[in-house]
Amino acid sequence: QMSTLLEAYKDDPVQLHHLIPLDFPSLRAVPESHVWPESYNFRVSPSDENLSIPIVDLKDPNIADNIGRACQTWGIFQVTNHGLPSGLLEDVEYEARRLFSLPVEQKRKVLRSPCGATGYGCARITPFFPKLMWHEGFTVMGSSVDHARVLWPHGYKRFCDAMDNYQKHMKTLAHNLFLTILSSLDLSEPEKNWAAAVYDSESNALQLNSYPACPDPTRTIGLAPHTDSLLLTILHHCETNGLQTFRDGFGWVPVHQVSGALTVNVGDLLHILSNGKFPTVCHRAVVNRTRHRISVAYFYGPRADSVFGPFSRLGFPRYRTLTLKEYIGIKAKHLDKALSLITN
Ligand SMILES: O=C(O)CCC(=O)C(=O)O
Ligand SMILES: [Fe+2]
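## A look at the site of ligand 1
Piece 1. If you check the shell around ligand 1, you find 14 residues, and the closest are Asn209, Tyr211, His283, Arg293 and Ser295.
Piece 2. Within the side chain of tyrosine 211, one N or O atom sits 2.6 Å away from an oxygen atom of ligand 1.
Piece 3. Take arginine 293: an N or O atom from its side chain is 2.8 Å from an oxygen atom of ligand 1.
Piece 4. Starting from 300 Å² of accessible surface for ligand 1 in isolation, the protein chains cover 95%.
Piece 5. Of all elements in the fold, only strand E5 (202–211), strand E6 (223–226), strand E11 (283–285) and strand E12 (293–302) reach the threshold of two or more residues within the shell around ligand 1.
Piece 6. In terms of residues, the shell around ligand 1 owes the most to one element, E12, which gives 4 residues.
Piece 7. Across the shell around ligand 1, the residue classes tally to 7 nonpolar, 5 polar and 2 charged.

Structural data, given as structure tokens:
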């Protein structure tokens, strides 16, 4: 089941200069390849400084209402009281830092293959933009052991254990959030059953992101604007801000994460299921001069061959029905045009 989501990327090989990150710590200035046009406006301040994404307490008795409202207005919110075991968030950050602080030759041994989905490399969205990003990533789907063994022939187990443990807890949290979010929509019984069954036949990915300290953060970007493709994303910021979310009428709004909280956002797939009731969230990451920022994103979705479209009771379907694998293929070719290409 994992392999099918992997296969979704097979037809669109990435060129090497869109795949291999620079050796960032060796750079004293931002090279031309990474200088973005001013029109991207990375330093733009929001029209209202006090604007911030909702915070949802998962222990609140009104959780369903709160989450439903957060999904309909912002499509992105922070969750507190998520009940993850202590140490889990620290462990995954520690292991991610251990990976990204390896020498560049070592990291390049686990480079993502040009047609592949897992391993070390530039962000997948890189080929769609005229400039490169101040970012390196490492993608895990299922077990990370094959790559970890190459990186640390004798010390791979603690990395794998941290990734496994993190994915296990994220899966449960993501599924519970998914069902809670859906409880604010009018679903038929078969649709409710389908949603509940996603847990046993899901696909997911864990994305470790590294944004090294940057000599000139106003001229470059960490991660260019994009939406996430699957149902929902749970993001761990590791205590350094940098994420910004776009809200119509307001512009780019920085996400200031409450300590210990996680950020959850709606992805394209949940947007489609909700028949557009929940906005899919355009977001980006900026870099900073002094701190090496790490973030960990967990993407949750149904299995790649599952057929989906807007739920039946939510009005005339804005999107056509298709498989997740087909949607990932469209997104890999057309990025932000993908939704308009499946519009009815
Ligand atoms: O690092 C961040 O704040 C955002 C990461 C992200 O958007 C992603 O991995 O899709
Ligand atoms: Fe994202």
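That shown, we press on.
## Focus: the pattern of salt bridges
Piece 1. In total, this model carries 12 salt bridges according to the counting rule given.
Piece 2. For glutamate 95, the salt bridge identified is with arginine 158, shortest N-O distance 2.8 Å. With a gap of 63 residues between them, glutamate 95 in helix H3 (residues 88–100) and arginine 158 in helix H6 (residues 157–182) connect regions that are remote in the sequence.
Piece 3. For glutamate 95, a relative accessible area of 3% translates into the label buried.

## Regarding the sheet that holds strand E1 (residues 55–57)
Piece 1. Pairing within the open sheet is mixed, and its 8 strands lie in the order E1-E2-E10-E7-E12-E5-E4-E3. Whereas interior strands pair on both sides, the edge strands pair on one side only; in this sheet they are E1 and strand E3 (119–121). In this sheet, adjacent strand axes meet at a mean angle of 25° when their direction is disregarded.
Piece 2. Alignment of strand E7 (residues 232–236) against strand E10 (residues 262–266), held across 4 bridges, turns out to be antiparallel. Bridging from a neighbouring strand, threonine 233 pairs with asparagine 265 of E10.

## Focus: helix H9 (residues 324–334)
Piece 1. All of the buried residues in H9 are Leu324, Tyr327, Ile328, Gly329, Ile330 and Lys331.
Piece 2. In the stretch just after H9, leucine 335 is the one whose phi turns positive, near 45°.

## Overview of the coordination of the iron ion (ligand 2)
Piece 1. Surrounding the iron ion (ligand 2) are the protein donor atoms His226 (NE2), Asp228 (OD) and His283 (NE2), which sit 2.1 to 2.2 Å from the metal.
Piece 2. Spacing between the donor residues of the iron ion (ligand 2) along the chain follows H-x1-D-x54-H. With a gap of 55 residues between them, aspartate 228 in the loop between E6 and E7 and histidine 283 in strand E11 connect regions that are remote in the sequence.

## Digging into the sheet that holds strand E8 (residues 243–247)
To summarise the sheet geometry, strands pair through backbone hydrogen bonds and adopt either a parallel or an antiparallel arrangement.
Piece 1. Judged by pairing direction, the sheet is antiparallel, and its 4 strands sit side by side in the order E6-E11-E8-E9 without closing on themselves. The open sheet has two edge strands, E6 and strand E9 (251–254), and neither has a second partner. The mean angle between the axes of side-by-side strands here comes to 20°, regardless of whether they run parallel or antiparallel.

## Some words on the packing of H3 against H6
Piece 1. Close contact between H3 and H6 brings their axes to 9 Å; oriented N to C, the two are set at 135°. By the angle between their axes, H3 is oblique relative to H6. Helix-helix and strand crossings are classified by hand; for H3 and H6 the assignment is left-handed. Residue-level contacts link Leu88, Leu89, Asp91, Val92, Tyr94, Glu95, Arg98 and Leu99 of H3 to Arg158, Phe159, Ala162, Met163, Asn165, Tyr166 and His169 of H6.
Piece 2. For the contact of H3 with H6, a count of residues per class yields 9 nonpolar, 2 polar and 4 charged.

## A short note on the environment of threonine 180
Piece 1. Within the fold, threonine 180 resides in helix H6.
Piece 2. What makes threonine 180 partly exposed here is its relative accessible area of 22%.
Piece 3. Taking C-alpha positions, threonine 180 is 35 Å from aspartate 146, a pair spaced 34 residues apart along the chain.
Piece 4. Contacts of threonine 180, omitting those with residues within four sequence positions, involve Ile63, Ala64 and Ile67.
Piece 5. A polar contact is formed between the side chain of threonine 180 and the backbone oxygen of asparagine 176, at a distance of 2.7 Å.

## Side note on unusual backbone geometry
For residues other than glycine, phi is negative in most cases, and the peptide bonds are mostly trans.
Piece 1. Even without being a glycine, cysteine 238 presents a positive backbone phi close to 55°.
Piece 2. Considering the arrangement of structural elements, one finds cysteine 238 in the loop between E7 and E8.
Piece 3. Located in the positive-phi region is leucine 335, a residue other than glycine, with phi close to 45°.
Piece 4. Among the secondary structure elements, leucine 335 is positioned in the loop between H9 and helix H10 (338–341).
Piece 5. Its relative accessible area of 9% is what places leucine 335 among the buried residues.

Rules used in this analysis
- Residues numbered from 1 in each chain as written.
- Chains lettered and ligands numbered in written order.
- Predicted model: local features only at pLDDT ≥ 70, side-chain atom pairs only at ≥ 80, totals over all residues.
- Heavy atoms only, no water.
- Near = heavy atom within 4 Å.
- Polar contact = N/O pair within 3.5 Å; in protein donor to acceptor, adjacent residues only side chain to side chain.
- Areas by Shrake-Rupley, 256 points an atom, 1.4 Å probe, with all protein chains shown as cover.
- Helix = DSSP H or I, 4+ residues; strand = E, 2+ residues; numbered from the N terminus.
- Nonpolar A, V, L, I, M, F, W, Y, C, P; charged D, E, K, R; others polar.
- Salt bridge = Lys/Arg side-chain N within 4 Å of Asp/Glu carboxyl O.
- Buried < 20%, exposed > 50% of the residue type's maximum accessible area, 1.4 Å probe, protein only.
- Pairing = 2+ DSSP bridges.
- Axes fitted to C-alpha atoms, helices over the stretch in contact; angles between N-to-C directions.
- Donors = N, O, S within 2.8 Å, 3.2 Å for Na, K, Ca; no water.
- Parallel < 35°, antiparallel > 145°, perpendicular 65-115°, else oblique.
- Left-handed = near helix turned anticlockwise from the far one by under 90°.
- Contact = heavy atoms within 4.5 Å.

Everything listed here is a matter of coordinates, which is why it stays silent on function.
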